[in-house]
Amino acid sequence: MVDFNGFAAFVDALGGVEINVENSFVDHYYPTADKGWESIQFEKGLQIMDGTKALKYARSRHAEGFE
């Protein structure tokens, strides 16, 4: 079993992961540690993501702006 910090640390230990983002999007309601929100954005295309960015991509639930 792995928590969010473990997920990010594992991805970082691998030197990042290659992810093909199929559609550009923005998520204005990504949860923060202090129970607030932040906006995150991903552009369409092949990307190498570090642990933090890969976790945000995997956890994004409120995407807007699909191409």
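Here the structure is shown first, and the text comes after it.
Read on for a plain summary of the structure.

Basis of the calculations
- Residues numbered from 1 in each chain as written.
- Predicted model: local features only at pLDDT ≥ 70, side-chain atom pairs only at ≥ 80, totals over all residues.
- Heavy atoms only, no water.
- Helix = DSSP H or I, 4+ residues; strand = E, 2+ residues; numbered from the N terminus.
- Buried < 20%, exposed > 50% of the residue type's maximum accessible area, 1.4 Å probe, protein only.
- Contact = heavy atoms within 4.5 Å.
- Areas by Shrake-Rupley, 256 points an atom, 1.4 Å probe, with all protein chains shown as cover.
- Lys, Arg positive; Asp, Glu negative; His and termini not counted.
- Charge placed at Lys NZ, Arg CZ, Asp CG, Glu CD.
- Core = buried A, V, L, I, M, F, W, Y, C linked by side-chain atoms within 4.5 Å.
- Axes fitted to C-alpha atoms, helices over the stretch in contact; angles between N-to-C directions.
- Parallel < 35°, antiparallel > 145°, perpendicular 65-115°, else oblique.
- Left-handed = near helix turned anticlockwise from the far one by under 90°.
- Nonpolar A, V, L, I, M, F, W, Y, C, P; charged D, E, K, R; others polar.

Some thoughts on the overall build of the chain
In step 1: On a plain count of helices and strands, the chain comes out with two helices and five strands.
In step 2: Projected onto its principal axes, the C-alpha coordinates of the chain cover approximately 30 × 30 × 15 Å.
In step 3: The buried share of the chain, taken over its 67 residues, is 28%.
In step 4: Relative to all contacts within the chain whose residues are 6 or more apart in sequence, the contacts with residues 24 or more apart total 61%.
In step 5: Summing over all exposed atoms, the chain offers an accessible surface of approximately 4800 Å²; the carbon and sulfur share of this is 54%.
In step 6: Each charge class in the chain can be summarised by its mean position, and for the 6 positive and 11 negative side chains these summaries are 4 Å apart.

A word on the nonpolar core
One recurring pattern in soluble globular proteins: nonpolar side chains tend to sit buried together.
In step 1: Listed in full, the ten residues of the largest apolar core are V11, I19, V21, F25, Y30, I40, F42, M49, A54 and L55.
In step 2: Counting only elements with at least two residues in this core, the list comes to strand 1 (17–21), strand 2 (25–31), strand 3 (37–42) and helix 2 (51–59).
In step 3: Excluding anything up to four places from it in sequence, Y30 contacts G36, W37, E38, I40, L55, K56, R59 and S60.

Points about the packing of helix 1 (residues 4–13) against helix 2
In step 1: For the pair helix 1 and helix 2, interaxial distance at closest approach is 8 Å and the crossing angle is 125°. Comparing the axis directions of helix 1 and helix 2 gives the class oblique. Between helix 1 and helix 2 the crossing geometry is right-handed. Where helix 1 approaches helix 2, its residues F4, F7, A8, V11 and D12 are matched on the opposing element by G51, T52, A54, L55 and R59.
In step 2: Residues of the contact of helix 1 with helix 2, tallied by class, amount to six nonpolar, two polar and two charged.

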